[in-house]
Amino acid sequence: MSRHYSPASYCLVLILLTIHRVVVFAAPDPLPMIIPLHLSTPNVSLHRRTGDYSRRHLQNSNLPKAHMPLYDDLLSHGYYTTRLYVGTPPQEFALIVDTGSTVTYVPCSGCEQCGNHQDPMFQPELSNTYQYVSCNPSCNCDDEGKLCIYERRYAEKSSSSGILAEDVISFGNGSELSPQRAVFGCENLETGDLYSQRADGIMGLGAGRLSIVDQLVDKGVISDSFSLCYGGMDLGGGAMILGRISPPQDMIFSHSNPFRSPYYNIDLKEIHIAGKPLKLNPNIFDGKHGTVMDSGTTYAYFPEEAFRAFKDAIMKETQSLKQIHGPDPSYNDVCFTGVGREVSVLSKVFPHVDMVFGNGQKLTLSPENYLFRHTRVSGAYCLGIFQNGNDPTTLLGGIIVRNTLVTYDRENNKIGFWKTNCSELSKRLPSSSVPSPPVVLPTGNTSEVMPPSNPTVGLSPDFLPGDFHIGIITFDMLISVNNLSIKPNLTETAMFIAHELEVQNSQVHMLNSTLSGDNYLVRWAIFPAESGDYISKNTAMDIILRLMEHRVQLPDRLGSYQLIEWNVEPQRTMTWWQQHVLGVAIGIAAALLVSLLGISIWWIRRHRQQNFGTYERVGASNPEQELQPL
């Protein structure tokens, strides 16, 4: 995914669409749905804008929410993904979370030109709830006038096209929201970065009738709000919530004008660096589409004058650092060396940045919100802010909101920001213990009641006996690295495994590592947490499923892996001697030490007494002794 765009590209992508506002009857406010996010490769969509713009107003906030984890990280992949399940039985897909797109689409079987992605293509013939959308006046139709079709073209010269279909969409086991029927794109052609990316497709969160958010709001199952939280510089991960959440008390907000642009925008007025405002006309951030929030863009792009002022101010505050060339010679990146690899040292070297909104509130950015790590020079960092060509639009990508909970409150036309640890957020989000209600699916003139789909299959809760306590989980990974002369960083790998399995770092241990052909075979073990003696069945099942379903995502620099096997060992019942072996050993050692000390003292005293008995008093006459022959 390219980071610099020509004016022609932006003109193509940022087409101002007709905006209309639809006020719907008062309905109970649906609960939010939280979805985990995952980060993916930089060749992913930066701008995806299309479709009409409509808003819905719901009056109450007691509706369910979908809590969904996010995966991957911003720079090693270039995007965040979440898991979505389509069809009955459900088929799983890793989709890029994109607030700049309105259509959700996945590659379908029979695709004429689709890349090799993370998961198999969607197979409509295997879903008994699949239906294509017939040609109608509200859609573009195919040449034969039978099917609705879609086509999307993006600034980085990639494209996606296919037919529109309808099926049951599921949001994962952690979601309060039951599976829902929704319209999505069934891809039969993709080009450019969309073809080569690892992720399967796009989850469109933009404003438009085909947006997954608009469809759920129109059904009255969630409130008109959603939130995203992207992880930090090294860990990645995060969470997504579809539906309304109670904002933290110190969350700051900016007005978002739905009539200003077809994209989510904020009212940015000033930028301060190290407490000093940049000398800019406040209207500079209001050009063309204004200041746009785009989760599908990796970096941030300022108008030329604002970019130059920002760059000069940062360089003035970091005069002690040496400037170097960027990792890609085709770009004139602004990079600094001599900083150190630890993220914690960045705030000691680089200044903080304040974004001041029209209401006077300000969002404070730490260095990780405007820097990215140099991929070729250790301890070096580069500006993640670039000039937006000749386009006066200000575009804020994912780097700006690292470790920031961003709430898109569409009902109240505002966007909220709250600094937090996004990598840990999904663990802190409340989950519903109430089972999902059945789903009513239309079948001709009747309705069929079906139980909610369970997208996680393969293990039964009874796969372990009820009295079976798990003491350790072991698994073997075959890790492939690009350069065999460099051994993989297994310490860092262990930290990522702990993060992806949602366990403590102290629970993950490497048992052994051997070179197997061109790969490294590594055996890992998951031990109980320090606060427990064994791993619970639910936790063990979650860990095993994440491993079996290849949910553990490693950054490209750590290599790719293949899971060879896993094993569960029971908690070992310790005998009295095993439980008290340390105390017994200490007691025996102390007794031996005391005994040896007593024997030593006795021997020394006896030896001295014998020696003292041979001494004569001074002046005593001693006969001369003859020398004995040798």
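The coordinates are above.
Everything quoted here is computed from the prediction, not taken from an experiment.

Engineer: Now, about the state of the cysteines: what can you tell me, with residues and values included?
Structural biologist: Here is the idea: a disulfide is a covalent bond, and it sits between the sulfur atoms of two cysteines. Scanning the entire structure with this criterion turns up six disulfides. Note that C108 is cross-linked by a disulfide to C186, the S-S spacing being 1.8 Å. A torsion of -120 degrees about the S-S bond marks the disulfide between C108 and C186 as left-handed. Taken together, the residues span a long stretch of sequence, with C108 in the loop between strand 5 (105–107) and strand 6 (131–132) and C186 in strand 10 (residues 180–191) at a distance of 78 residues. The disulfide bridge from C335 ends at C382, spanning 2.0 Å between sulfur atoms.

Engineer: How would you sum up the pattern of salt bridges? Please name residues and give values.
Structural biologist: Overall, the coordinates contain 18 salt bridges when judged by the stated rule. Among the ionic pairs, K276 bridges to E317, the shortest N-O distance being 2.8 Å. Pair noted here: K276 is in strand 17 (residues 276–277) and E317 is in helix 5 (residues 304–317), with a separation of 41 residues, a long-range link. The exposure class of E317 is partly exposed, given its relative accessible area of 30%. Members of the salt-bridge network, linked through shared partners, are R83, E92 and D119.

Engineer: So what's going on with the packing of aromatic side chains? Residues and values would help.
Structural biologist: Counted under the stated rule, the structure contains 16 aromatic pairs. When the ring of Y80 is compared with that of Y230, the centres are 4.1 Å apart and the planes differ by 25 degrees; the resulting orientation is stacked. Placement of the pair is Y80 in strand 3 (residues 79–86) and Y230 in strand 12 (residues 225–230), with a sequence separation of 150 residues. Here the two residues Y80 and Y230 agree in accessibility, since each one is buried. Seen from their ring centres, Y299 and F386 are 5.3 Å apart, and the 80 degrees between their planes marks the pair as edge-to-face. Of this pair, Y299 sits in the loop between strand 18 (291–293) and strand 19 (300–302) while F386 is found in strand 26 (residues 385–387), placing the two residues 87 residues apart along the sequence. Residue Y299 shares its accessibility class with F386, and that shared class is buried. An aromatic cluster is defined as three or more aromatic residues linked by ring pairs; in this entry it consists of F93, F122, Y130 and F184. Of note, K414 hangs over the ring of F253, and the distance from its end group to the ring centre comes to 4.3 Å.

Engineer: Describe the sheet that holds strand 16 (residues 268–273), and please don't skip the residues or the numbers.
Structural biologist: Pairing is antiparallel across the open sheet formed by four strands, whose spatial order is 17-16-22-23. The open sheet terminates on both sides in strands that have one partner only, identified here as strand 17 and strand 23 (362–365). Where strand 16 lies against strand 22 (residues 353–357), five bridges are found, and the strand directions are antiparallel. Looking across to strand 22, one finds that L268 is bridged to F357. Each of strand 16, strand 17 and strand 22 touches helix 5; the most contacted strand, strand 16, lies at about 20 degrees to it.

Engineer: Outline the sheet that holds strand 21 (residues 335–337), supporting the account with residue identities and numerical values.
Structural biologist: With respect to topology, four strands assemble into an open sheet ordered 20-21-25-24, the strand pairing being antiparallel. Looking at strand neighbours, the two that pair on one side only are strand 20 (322–324) and strand 24 (371–373), the edges of this open sheet. On average, each strand axis in the sheet is inclined to that of its neighbour by 35 degrees, with strand direction left out of account. Helix 5 rests against strand 20, strand 21 and strand 25 (381–383) of the sheet, and its axis sits at about 145 degrees to strand 25.

Engineer: Which residues make up the pairing of strand 9 (residues 159–170), and what values do they have?
Structural biologist: Counting buried positions over the twelve residues of strand 9 gives eleven, a clear majority of the element. Sheet topology note: the strand 3/strand 9 ladder contains two bridges and is antiparallel. Note that in strand 9 the partner of V86 across the bridge is I169. The pairing of strand 6 with strand 9 spans two bridges and is classified as antiparallel. Residue pairing in the sheet places Q131 in a bridge with E166 of strand 9. For strand 8 (residues 148–153) and strand 9, the ladder comprises five bridges, and the chain directions are antiparallel. Each bridged residue has a counterpart across the sheet, and for R153 the counterpart in strand 9 is S159. Counted between consecutive antiparallel strands, the loop separating strand 8 from strand 9 contains five residues, among which K157 sits at a positive phi close to 75 degrees. Sheet topology places strand 9 next to strand 10; eleven bridges connect them, and they run antiparallel. Each residue of the ladder has a partner; that of G162, found in strand 10, is E187.

Parameters and conventions
- Residues numbered from 1 in each chain as written.
- Predicted model: local features only at pLDDT ≥ 70, side-chain atom pairs only at ≥ 80, totals over all residues.
- Heavy atoms only, no water.
- Disulfide = S-S within 2.5 Å.
- Helix = DSSP H or I, 4+ residues; strand = E, 2+ residues; numbered from the N terminus.
- Salt bridge = Lys/Arg side-chain N within 4 Å of Asp/Glu carboxyl O.
- Buried < 20%, exposed > 50% of the residue type's maximum accessible area, 1.4 Å probe, protein only.
- Phe/Tyr/Trp six-rings, centres within 6.5 Å; stacked < 30°, edge-to-face > 60°.
- Lys NZ or Arg CZ within 6 Å of the ring centre and 35° of its normal.
- Pairing = 2+ DSSP bridges.
- Contact = heavy atoms within 4.5 Å.
- Axes fitted to C-alpha atoms, helices over the stretch in contact; angles between N-to-C directions.

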